[in-house]
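Listed below are the residues making up each chain.
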Amino acid sequence: MTEQLSPADRFAASRSRVGHPRLEDFRQQQRFDLDPFQREACASLEDGHSVLVAAPTGAGKTIVAAFAVALAMRHPTAKVFYTTPMKALSNQKYQEFADEYGTDAVGLLTGDTNVNAGARVVVMTTEVLRNMLYAESDLLTDLAYVVMDEVHYLADRFRGAVWEEVIIHLPAEVRLVSLSATVSNAEEFGDWLQAVRGDTDVIVSESRPVPLEQHVLVRQRLVDLFESAARGAANRVNPELVQMARLGGRPSGSRQFSDRGRRRGRGRPDMDRLDRPEVVRLLDDRNLLPAIVFVFSRAGCDQAVSQVLRSGIRLTEAHEREQIRRVAEERCRTIADEDLAVLGYWEWLEGLQRGVAAHHAGLLPAFKEVVEELFQRKLVKVVFATETLALGINMPARTVVLERLEKFNGEARVPITPGEYTQLTGRAGRRGIDVEGHCVIQWRDGLDPQAVAALASRRSYPLNSSFRPTYNMAVNLIAQFGRDRTREILESSFAQFQADRAVVDLARTVRKQEESLAGYERAMQCHLGDFAEYAALRRELSDLERKGARAGSQSAAAREARSRELADLRRRMKKHPCHGCAEREQHARWAERWWRLKRETDALTRQIRTRTGAVATVFDRVTEVLVELGYLADRDGSLAPTRPGRVLARIYGERDLLVAECLRLGVWAQLDAPGLAAMICALVFEPRRDEPNPAERFLPRGAFREALQKTEELWARLDDLEREHRLPGSEPLATALCVAMHQWASGRPLAAVLAEADLPAGDFVRWAKQVIDLLDQLSGVATGPLAPVARDALVAVRRGIVAYSGVG
């Protein structure tokens, strides 16, 4: 039935048709009518504004990006760049736009993939656009819109600075479409965008397009987390669940655990949880599939699939199994037969055909893409996933299951945050398919329903800048703008914007505390003399007495000196005019309050000094290092990059300066292609926590060992220099993957290389692609014989499963 509009709504719709004709045309082409936040954002774009759209996962933010593309395509030459944080998401968006506009109009640039770079619509990773801006690429001509998908990645401590660099340096005429998860400080981020980009509208939506029902799975019962909305208490924790928590997970009135619980756990409530196959059966019986089960452990995801397969569960029909097999075979046809067994292809395919799969970073990219496609097509019914699936990839489900509400952060098990909970549960509920989505939290011993409810109710996901000046950034900006203008540009970063706002708040606090201090001073005034001076003597005496009590055994000379000092302080205190005041102790209480507040105020004042100009201060230190090493030099009274500086300007990555120094000093000149690939691997690889480097005797022989020793010595000198200039330094080189990368670049078979690497195939591919990225940079900046060696190394690494691309 068509929704009846009020006269006011009909009038507003009529005005919209007149004022935004392109938006109205776009709306007519959509399967669903646009939500209010989508209409508001699209109208802003048609009016010529930039927009920041913050909305929950699955709310349909990308429709705003699609409208920006539609606006650009109406113009004969206008271009759109669509940036994403992940290559997998870039591939997905490329396919979507290619299906709509044709492959001639759409391009893809992800570092290791270059398809139709001059197209009207180009999908790319954010780093690619940053590099284009610094290189002043011709591809920027006619650029009308830039979409920054998942812009909350700006908070990522490793890559977040790239988003700020792009936002700051985009030409002023380019309209920016920033798409973000629901963050608690969207208005603050919008204020910064307004400051650096000009006319920017902020559109925030808290509404989910599909309502979310939240349950706790206690044995075989799904218990609602909140009371029924029909009772008018939608945000109140279900009293039945609270009572069950008091009884250790037993229903009210229950006297004993089930037989199965006693057999497994000797009556422990936590041992009475359903196992994974039973959870899958329950979800299937309740018509709650397809489901994503978040496990927070790669090994746990793989074990879960094995457990479900061993139980004999089959969730697919014969015709679905045929479709699954065809998709898997087509996507994996380029993988050599001898590699399929090494990769566990047949076991993986068996799981797919039964409707069950794992999804995590250790999976081969080809396998992950098949899982994503089959889940989107409703052929795979249950995916056991780590939290990486919650980021960006379009994989909505009817139900999301959380096995636990804590995860390992690399050092310890920590509770998931409200922001993470929102991201994970955002996958539940498919627009146009489900009336409601479901989140199921599995019961664990000690689970607190009130804490879960707080997690589910809050939207605390602050966006904090991770921006910091790098060596590459410094030489690029100084080359374009000079040192003084660069300092001004860096002062416009979101990092400094937030620091300045914090300074405003701190300064407000300092002003209030200074008013209180003045009041305390008046209260402790004494008609006999300076009570502040007298209070300082009392405090000095008290501190010295406490220090003596803690000192333990002292020499006779030290004890005598302390006794003389104490006697002198007592004498001076008794001689002070205020010592004889009748209200001395009352004045002293006010003096103590004044002293404590003064100490706190002084600390806040120091914070203000360190935060004001903090980004520019780091930039100055970076610049000093570059001048000392000869990458910047004085030219006619101003700093400019030298020849090595111009090389550094084209090297992107965590170790940009170390790479530039190795090139300048010819450290890698004697390496062959496998040796260079292994060396680059030592620069980019980040080992697991506490994973040691192998002994030297296990590393590749010949020129590699000598080059590695020189590179490590150079790293140590740079690290010392950075610390001298009060910069944080960097981690030592990690050689744990060097032998495997050397073997791979030498043509060794996959089975031998993975055995040496002791890594899942997906992880090896990920590190290999980072090696390829840096080798590609070297091939463009190295001089002499190293450039062709870098190209040979790149070709040697980019083979087999590493060469796979999901674009087809």
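Thresholds, definitions, all that
Residues numbered from 1 in each chain as written. Predicted model: local features only at pLDDT ≥ 70, side-chain atom pairs only at ≥ 80, totals over all residues. Heavy atoms only, no water. Pairing = 2+ DSSP bridges. Helix = DSSP H or I, 4+ residues; strand = E, 2+ residues; numbered from the N terminus. Axes fitted to C-alpha atoms, helices over the stretch in contact; angles between N-to-C directions. Parallel < 35°, antiparallel > 145°, perpendicular 65-115°, else oblique. Contact = heavy atoms within 4.5 Å. Nonpolar A, V, L, I, M, F, W, Y, C, P; charged D, E, K, R; others polar. Buried < 20%, exposed > 50% of the residue type's maximum accessible area, 1.4 Å probe, protein only. Polar contact = N/O pair within 3.5 Å; in protein donor to acceptor, adjacent residues only side chain to side chain. Core = buried A, V, L, I, M, F, W, Y, C linked by side-chain atoms within 4.5 Å. pLDDT = per-residue confidence, 0-100. Phe/Tyr/Trp six-rings, centres within 6.5 Å; stacked < 30°, edge-to-face > 60°. Lys NZ or Arg CZ within 6 Å of the ring centre and 35° of its normal. Salt bridge = Lys/Arg side-chain N within 4 Å of Asp/Glu carboxyl O. Left-handed = near helix turned anticlockwise from the far one by under 90°.

(A) Layout of the sheet that holds strand β3 (residues 106-109). Here we have eight strands laid out as an open sheet, ordered β4-β3-β5-β2-β6-β7-β1-β8, and mixed in their pairing. In this open sheet, the two strands that pair with only one neighbour each are β4 (114-115) and β8 (200-204). As defined by bridge partners, β3 adjoins strand β5 (residues 121-125) across four bridges and the pair is classed as parallel. Bridge assignment links Val 106 to a residue of β5, and that residue is Val 121.

(B) The packing of helix α27 (residues 673-684) against helix α32 (residues 786-797), seen in detail. With their axes 8 Å apart at the nearest point, α27 and α32 run at an angle of 80° to one another. Our classification of the angle between α27 and α32 gives roughly perpendicular. Where α27 approaches α32, its residues Ala 673, Leu 676 and Ala 677 are matched on the opposing element by Leu 786, Val 789, Ala 790, Asp 792, Ala 793 and Val 797. Grouping the constituent residues of the contact of α27 with α32 by class yields eight nonpolar, no polar and one charged.

(C) Layout of helix α26 (residues 656-664). A large share of α26 lies buried, amounting to eight of its nine residues. Of all the residues in α26, the buried ones are Asp 656, Leu 657, Leu 658, Val 659, Ala 660, Glu 661, Cys 662 and Leu 663. At the exit of α26 stands Gly 666, carrying a positive phi of roughly 65°.

(D) View of the side chain of His 725. Looking at where His 725 falls in the secondary structure, it is placed in the loop between α28 (703-724) and α29 (738-745). Within the structure, the side chain of His 725 is placed 3.2 Å from the side chain of Glu 624, a separation counted as a polar contact. At 2.9 Å, the side chain of His 725 forms a polar contact with the side chain of Glu 628.

(E) Seen up close, the nonpolar core. In this structure, Leu 352 and Trp 668 are the most contacted members of the largest nonpolar core, which totals 143 residues. Among the elements that line this core, the one with the most residues is helix α31 (residues 761-781), at 11 residues. Sequence-distant contacts of Leu 352, that is, excluding residues within four places in its chain, are made with Ile 324, Ala 328, Ala 357, Val 370, Val 371, Leu 374 and Val 380.

(F) Fine view of helix α11 (residues 276-285). Of all the residues in α11, the buried ones are Arg 276, Pro 277, Val 279, Val 280, Leu 282 and Leu 283. Positive phi shows up at Asn 287, right after α11, with a value of about 60°.

(G) Spatial organisation of the confidence of the model for the protein. This prediction gives the protein a mean pLDDT of 86; 90% of its residues lie at or above 70. Between residues 253-271, whose pLDDT stays under 50, and residues either more than four places distant or in other chains, the model counts 28 contacts.

(H) Structural view of the packing of aromatic side chains. Counted according to the given criterion, the structure contains 15 aromatic pairs. By way of ring pairs, the aromatic residues Phe 189, Trp 192, Phe 494 and Phe 497 are connected into one cluster. Seen from the ring of Trp 767, Arg 766 lies directly overhead, with NZ or CZ sitting 5.0 Å from the centre. Against the face of Trp 744 rests Arg 799, its NZ or CZ located 3.6 Å from the ring centre.

(I) A look at the pattern of salt bridges. Evaluation of the coordinates by the stated rule reveals 37 salt bridges. Arg 326 is the salt-bridge partner of Glu 322, the closest N and O atoms lying 3.6 Å from each other. Of the two residues, Glu 322 and Arg 326 both sit in helix α13 (residues 318-331), four residues apart, roughly one turn of that helix. Note on Glu 322: relative accessible area 31%, which makes it partly exposed. With relative accessibility at 47%, the residue Arg 326 sits in the partly exposed group. Residues joined in a network through salt bridges with shared partners are Glu 24, Arg 27, Asp 33 and Arg 39.

(J) View of the packing of helix α3 (residues 36-46) against helix α4 (residues 62-73). Interaxial distance between α3 and α4 falls to 9 Å at its minimum, and their mutual angle equals 25°. In this view, α3 runs roughly parallel relative to α4, as classed from their interaxial angle. Crossing angle aside, the handedness with which α3 passes α4 is right-handed. Contacts between α3 and α4 involve Gln 38, Ala 41, Cys 42, Leu 45 and Glu 46 from the first element and Ile 63, Val 64, Phe 67, Ala 68 and Leu 71 from the second. Here the residues of the contact of α3 with α4 are counted per class, giving eight nonpolar, one polar and one charged.

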